[in-house]
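Close look at the chain arrangement
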Amino acid sequence: MSGLSTTNYLTPSGREEAWRFTPLARLAGLLNADVALEQVASFALSAPQPGVTLESKESEPYSQTTDSATIRARSAVTHAQYLTIAANAEVNDPIVITRTGLSGSAPQATRLQIHVGANAHAKLLIENTGEAIVAEEIEFKLEQGASLHFISIQEWAPKAVQLARHHAIIGKDATFTSTVVTIGGSLVRILPTVEYSGQGSFADLSGVYFATDGQHLEHRIHVDHNIPNAKSRVNYKGALAGDKARTVWIGDVYIRAEAEGTDTYELNRNLLLSDGARADSVPNLEIETGEIVGAGHASTTGRFDDEQLFYLESRGIPAEIARRLVIRGFFSEIVSLIKIEEVEERIMVRIDSELDKVGK
Amino acid sequence: MSTLEIKNLQVSVATEEGFKEILKGVDLTLKSGETHAIMGPNGSGKSTLAYSIAGHPKYTITGGSVTLDGADVLEMTVDERARAGLFLAMQYPVEVPGVSVTNFLRTAATAIRGEAPKVRTWVGEVKEAMSALSMDPAFAERSVNEGFSGGEKKRHEILQLELLKPKFAILDETDSGLDVDALKIVSEGVNRVKGNSDLGIMLITHYTRILRYIKPDFVHVFAAGRIVEEGGPELADKLEENGYAEYVTN
């Protein structure tokens, strides 16, 4: 940072590539250099589980970042929360984390680090609900042979503002699966980012978002293929309905010169359910070596597929029910990856009620 | 006894060069229990006839009428036509991601029958119909038509025919892309439905191959947007031998 004005660096003007889509005026002070962020330990383990511990301690970040919100959060938080999943642990029930201490009345900052020991296997669910104005970082370190399925559900109250970075460092033969579901909140900007520390590793990133009237939901994926023979898959789907509903999806995949044997594919689909909504979708593949298994991307943004509706209607299904089936199907493709039945059901019910509200 | 009556049907489709007339006055009457083969070369308008009757929004009716037992089919929405007793087995069934076959079939059956089928009997009914079509039970949990092979898609169409029990079924090139075994299974499915009901069938095909398995009562030759010759099953034999050359004027 030396040589740069700290204030300018941490307070985007909106011209920066990383911030050009984000309505900065709605950040409620999260990036205002004159406003101090309040440190909060906001992650609460809902039930104790063998092999799983959560503590607060001074802990250096695992990774580097240029994200202004994360830098602000790091400088505000002296004591991060630290979740340990012991080596060789087989955690059968999902580890459920809920939020605590978020007020929604002043900008806050919080950090969580998650260490998944060698050959440990677990599923971790973070449920984000209630009011919040928060800049936060969750870092994951997966040791050799570990696997973690991380599920982050944003069911925030309507005024919530969240700037979050989810960064995973994936060890040799380890698998990091993430499923991000963003429905609630006024402004949610999440950076699911990945780097690798050992070969044979796999990042499987999926997500679904549904923006209605006035919501801004932004997901900026960054996969850094910084070592050979790692794999990544990205599949995000979003729907928009109502006036000024806004979504942004950025999919940056970077294959470095040394990352021979990389296998990557990313996909983003957006479904526009009404006029006045806007979806930006920007896949971006940067390749510095040709010695790879495969690299590809696809992005679509469109309205209903009339052929799908015709097919369903030609079987006697009334138009409104056919539309609902198609929308539910669109979401359920990702939601069904969660594999926690009651959570899947709750999300689909929430999506149904959002659809009822927008009259679709 | 039901009657599907098509009178002087004229249909256009919007193209980049403006409206193009595809059907130039089609007359055809189907009665319950009858099987009519509609045969003709590619581009003659056979599929347009099928999709126009089903109500696909791409086609604009410019003249004529379609009635089912006197009721004006062309005034009905797509789903109303299905509920009135019309079924279209498509040449290219559409993929609907995230909607399971089970959910789809149950929703369709509920719409067609006017009430949700009883869970206990329904599960058995679906299983039996699937097994009769040599379909793997795992199919039920897959998304509608997604990743299905050509043969699987056609079996899935006939499965719906079995479960939805329409008055009239239009089979649009159901034989295309099927190997011998799949063609047999699909044809047997159609014959089974016909044997168990009073189904009237409009069998649209380019080739005579499927007519070895599904015997038509009437054969209509379709060319340049209208029916140009009609006869009994013997007309198919003639087509087998001579092709469509005599009906196509260039």
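Residues numbered from 1 in each chain as written. Chains lettered and ligands numbered in written order. Predicted model: local features only at pLDDT ≥ 70, side-chain atom pairs only at ≥ 80, totals over all residues. Heavy atoms only, no water.

Quick look at the overall build of chain A
- Helix and strand counts for chain A stand at five helices and 19 strands.
- A globule of 360 residues ought to have a C-alpha radius of gyration of about 21 Å, and chain A, at 20 Å, matches this closely.
- Taken over the C-alpha atoms alone, chain A extends approximately 60 × 45 × 45 Å along its principal axes.
- By the burial criterion, 58% of the 360 residues in chain A qualify as buried.
- Put simply, of all contacts in chain A between residues at least 6 apart along the chain, 86% involve residues at least 24 apart. (Helix = DSSP H or I, 4+ residues; strand = E, 2+ residues; numbered from the N terminus. Rg over C-alpha atoms; globule rule 2.2 N^0.38 Å. Buried < 20%, exposed > 50% of the residue type's maximum accessible area, 1.4 Å probe, protein only. Contact = heavy atoms within 4.5 Å.)

Looking at the pattern of salt bridges
Residues and elements named next belong to chain A.
- Scanning the model with the defined rule gives 36 salt bridges over all chains in all.
- Put simply, Glu155 and Arg350 hold a salt bridge, and the shortest N to O gap is 3.8 Å. Taken together, the residues Glu155 in strand E9 (residues 147-156) and Arg350 in helix H5 (residues 341-357) connect sequence positions 195 residues apart.
- In this structure Glu155 comes out as buried when scored by relative accessible area, which is 14%.
- One connected set of salt bridges, linked through shared partners, spans Glu127, Glu155, Arg346, Arg350, Glu354 and Lys357. (Salt bridge = Lys/Arg side-chain N within 4 Å of Asp/Glu carboxyl O.)

Here's the deal with the sheet that holds strand E2 (residues 43-45) of chain A
Residues and elements named next belong to chain A.
- The strand order across the open sheet formed by nine strands is E2-E5-E7-E9-E11-E13-E15-E17-E19, and the pairing between neighbours is mixed. A single partner strand is all that each edge strand has here, and the edge strands are E2 and strand E19 (294-302). Adjacent strand axes in the sheet meet at a mean angle of 10° when their direction is disregarded.
- Here nine bridges tie strand E17 (residues 263-272) to E19, and the two strands are oriented parallel to one another. In the sheet register, Asn270 faces E19, and the bridge partner there is Thr301.
- Of the strands in this sheet, strand E7 (121-130), E9, strand E11 (175-182) and strand E13 (202-211) touch H5, which is tilted by about 30° from E9. (Pairing = 2+ DSSP bridges. Axes fitted to C-alpha atoms, helices over the stretch in contact; angles between N-to-C directions.)

Structural notes on the packing of aromatic side chains
- Taken as a whole, this structure holds eight aromatic pairs over all chains when the rule is applied.
- Members of the aromatic cluster, each reached through a chain of ring pairs, are A:Phe140, A:Phe150 and A:Phe176.
- Here A:Lys237 stacks its cationic end above the ring of A:Phe330, 4.4 Å away from the centre of that ring.
- Looking at B:Arg142, its charged tip hangs above the ring of B:Phe139, at a distance of 4.9 Å from the centre. (Phe/Tyr/Trp six-rings, centres within 6.5 Å; stacked < 30°, edge-to-face > 60°. Lys NZ or Arg CZ within 6 Å of the ring centre and 35° of its normal.)

What to know about the packing of helix H5 (residues 150-164) of chain B against helix H6 (residues 180-196) of chain B
All names here are of chain B.
- For the pair H5 and H6, interaxial distance at closest approach is 10 Å and the crossing angle is 10°. Classed by the angle they form, the pair H5 and H6 counts as roughly parallel. Facing Lys154, Arg155, Ile158, Leu161 and Glu162 of H5, the residues of H6 in contact are Ala182, Ile185, Val186, Gly189, Val190, Arg192 and Val193. (Parallel < 35°, antiparallel > 145°, perpendicular 65-115°, else oblique.)

Topic: the interface of chain B and chain A
- With 33 residues of chain B at the interface, the matching set in chain A holds 19 residues.
- Of the roughly 2000 Å² buried between chain B and chain A, counting both surfaces, carbon and sulfur atoms make up 68%.
- Across the chain B-chain A interface, the total number found is one salt bridge.
- The salt bridge involving B:Glu157 is made with A:Arg315; its shortest N-O contact spans 2.6 Å.
- Here chain B and chain A share 10 residue pairs in polar contact (both at pLDDT 80 or more) between them.
- Its residues assigned to classes, the side of chain B that touches chain A shows 20 nonpolar, eight polar and five charged. (Buried area = accessible area lost by both parts, 1.4 Å probe. Polar contact = N/O pair within 3.5 Å; in protein donor to acceptor, adjacent residues only side chain to side chain. Nonpolar A, V, L, I, M, F, W, Y, C, P; charged D, E, K, R; others polar.)

Things to note about the confidence of the model for chain B
- In the predicted model, chain B carries a mean pLDDT of 95, and 99% of its residues have values of at least 70.
- In the model output, the complex is listed with pTM 0.84 alongside ipTM 0.96. (pLDDT = per-residue confidence, 0-100.)

Description of the nonpolar core
- Ranked by size, the top nonpolar core spans 114 residues in total, and within it A:Leu273, A:Ile347, B:Ile6, B:Leu9, B:Leu49 and B:Met202 carry the most contacts.
- Examining the composition of this core, we find that eight residues originate from one element, helix H4 (residues 319-335) of chain A, more than from any other. (Core = buried A, V, L, I, M, F, W, Y, C linked by side-chain atoms within 4.5 Å.)

A look at unusual backbone geometry
- Despite not being glycine, A:Lys339 shows a phi value in the positive range, around 60°.
- Relative to the assigned elements, A:Lys339 resides in the loop between H4 and H5.
- Even without a glycine there, the phi angle at B:Ser134 is positive, about 55°.
- Its location among the elements puts B:Ser134 in the loop between helix H4 (119-132) and strand E8 (143-144).
- With a relative accessible area of 45%, B:Ser134 lands in the partly exposed category.

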